[in-house]
Amino acid sequence: MTDDSTIDENAQRFRDSVLASPELQARLGVFVDPAAFEAEARAIAAELGLNADTLSFYPPAPDPLGISRYMGAPVTLDHWPSIGWLPVRAVPGHDGPAFDWAWFGDRTLREPLYEDSVRRMGTRPLSRVYRTRTDLAALIAGAAQEDTLEPDGFVFHMSRCGSTLVAQMLAAVPHHIVASEAAPIDEMLQWALSSGASFDHQVAALRAIVAALGRNRSGAARRYFLKLDAWHIFALPLFRAAFPGTPWIFLYRQPEEVVVSHVGMPGMHFVTGMLSATEVVADDSIMSMEDRGAAVLARYLDAAVQHFPSGGGMLVNYANLRAAMELAIPTHFGFAPDADEAAAMLAATTRHSKAPDQAYSDDTARKRAAVTPEIAAAVETHLRDSYARIEALRHAESATT
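Now for a description of the structure that goes with this document. What you see is a predicted model, and the numbers here were worked out from it, not measured in a lab.

A separate point is the packing of helix α11 (residues 255-264) against helix α17 (residues 373-400). Contact geometry for α11 and α17: axes closest at 9 Å, N-to-C directions at 130°. Considering their axes alone, α11 and α17 lie oblique with respect to each other. Two packed elements cross with a definite hand, and for α11 against α17 that hand is right-handed. Counting all contacts with α11, which are made through Pro-255, Glu-256, Val-259, Val-260 and Val-263, the residues of α17 involved are Ile-375, Val-379, Leu-383, Arg-384 and Tyr-387. Looking at the contact of α11 with α17 residue by residue, the class counts come to eight nonpolar, no polar and two charged.

In structure tokens:
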């Protein structure tokens, strides 16, 4: 008969062996089917000389609502997990956010948004069985212990103005890492801007989460880019302090076209209360959706203009985006695409950036035709002057370069 202590020792030895071995993780990480995962785990246990009959390898049920994040993680570490793991979400911690990690192996982040990649890899049995958590102190300490890629460029934007296309074009190059609107960045910034932590601690925390997302898991990556969420432009001073040598762009579009997109499918910028840590519009409860959204978008443009003198920036109007991605933006980010890179980036423009299985079609005329009197009035009231200021700044910068 096997007693409970033997079972626990077996389970601990198996867990420790897997977490210490990227090779074992690679063997287990390929499985989507829990039964196939369990069969491979039992084979590995036998190889390790463990009694597989005493072990349970079946993963917990999928957690599409993310409720498990508020429970204890199966694995808690005081250091980063091995190279194939990336942070996927934050939970409240004792002294700042803690982060759960999932196993990605050397798989490229090829989906339009980071969350799409998380849904694909974070639900695999290996990530569910060994969901791993580090607190903020461990996250920061780990950044000093691993040689990660420094970011080569940040993509800030107004929202609904082609930033996903930029990310997909950059991600089309095989040796690029592109993390697009990664929730851990968003959650770190929410904490930083509302925690009262010292600025130096905020800088260290941001550097750590950016480093963790930029792990060179394949060993072949040469460049690393972050596409950020629209409201992150308010945190540009923090990014400049953390990464003073990293260039950035701010992408924007004709205001009516952006507002039309949000009215058809509202983003958080158009929904009262969704920007809890960065609420920027007073008395928005009495505003129409068009007015509230236009006022928020105006603040994004104003923030880009306000922070532009901090250096490293480039303003890009959507109307010029495709031409800019051929040379101007890559040059700003420190590289000139070779023939293969240029071909891969061009191929990405033939697909819908948010639905890569669909062909691209220009939506400018459709959006302009959908401008209602309410949208036109909201743009005129809240956005017209902000758009004029950023256009004037872009033209002035172009004239000096």
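Don't stop here, the text continues.
Here we take up the pairing of strand β9 (residues 313-317). For β9, the tally of buried residues reaches five of five residues, placing the bulk of the element in the interior. Neither face of β9 is left uncovered, since the one carrying Gly-313, Leu-315 and Asn-317 and the one carrying Met-314 and Val-316 both have all their residues buried. Judged from the five bridges that link them, strand β8 (residues 248-252) and β9 form a sheet pairing that is parallel. Within the sheet, the bridge partner assigned to Leu-251 lies in β9 and is Val-316.

Turning our eyes to something else, we now look at the sheet that holds strand β5 (residues 153-157). Note: strands within a sheet are paired through backbone hydrogen bonds, in either parallel or antiparallel orientation. A sheet is described by the order of its strands in space; here five strands give the open sequence β6-β7-β5-β8-β9, paired in parallel fashion. Edge strands, defined here as strands with exactly one partner in the open sheet, are β6 (176-180) and β9. This sheet shows a mean twist of 20° between the axes of neighbouring strands, independent of strand direction. Of the strand pairs in this sheet, β6 and strand β7 (residues 223-227) are connected by five bridges, and their pairing is parallel. Along β7, the bridge assignment pairs Ser-180 with Lys-227.

Moving on, we come to helix α2 (residues 22-29). Along α2, the positions that sit buried rather than exposed are Leu-24, Gln-25, Leu-28 and Gly-29. Taken end-on, α2 shows its buried residues confined to a sector of 130°, consistent with a single buried face.

Conventions and cut-offs
Residues numbered from 1 in each chain as written. Predicted model: local features only at pLDDT ≥ 70, side-chain atom pairs only at ≥ 80, totals over all residues. Heavy atoms only, no water. Axes fitted to C-alpha atoms, helices over the stretch in contact; angles between N-to-C directions. Helix = DSSP H or I, 4+ residues; strand = E, 2+ residues; numbered from the N terminus. Parallel < 35°, antiparallel > 145°, perpendicular 65-115°, else oblique. Left-handed = near helix turned anticlockwise from the far one by under 90°. Contact = heavy atoms within 4.5 Å. Nonpolar A, V, L, I, M, F, W, Y, C, P; charged D, E, K, R; others polar. Buried < 20%, exposed > 50% of the residue type's maximum accessible area, 1.4 Å probe, protein only. Pairing = 2+ DSSP bridges. Arc of directions from axis to C-beta.

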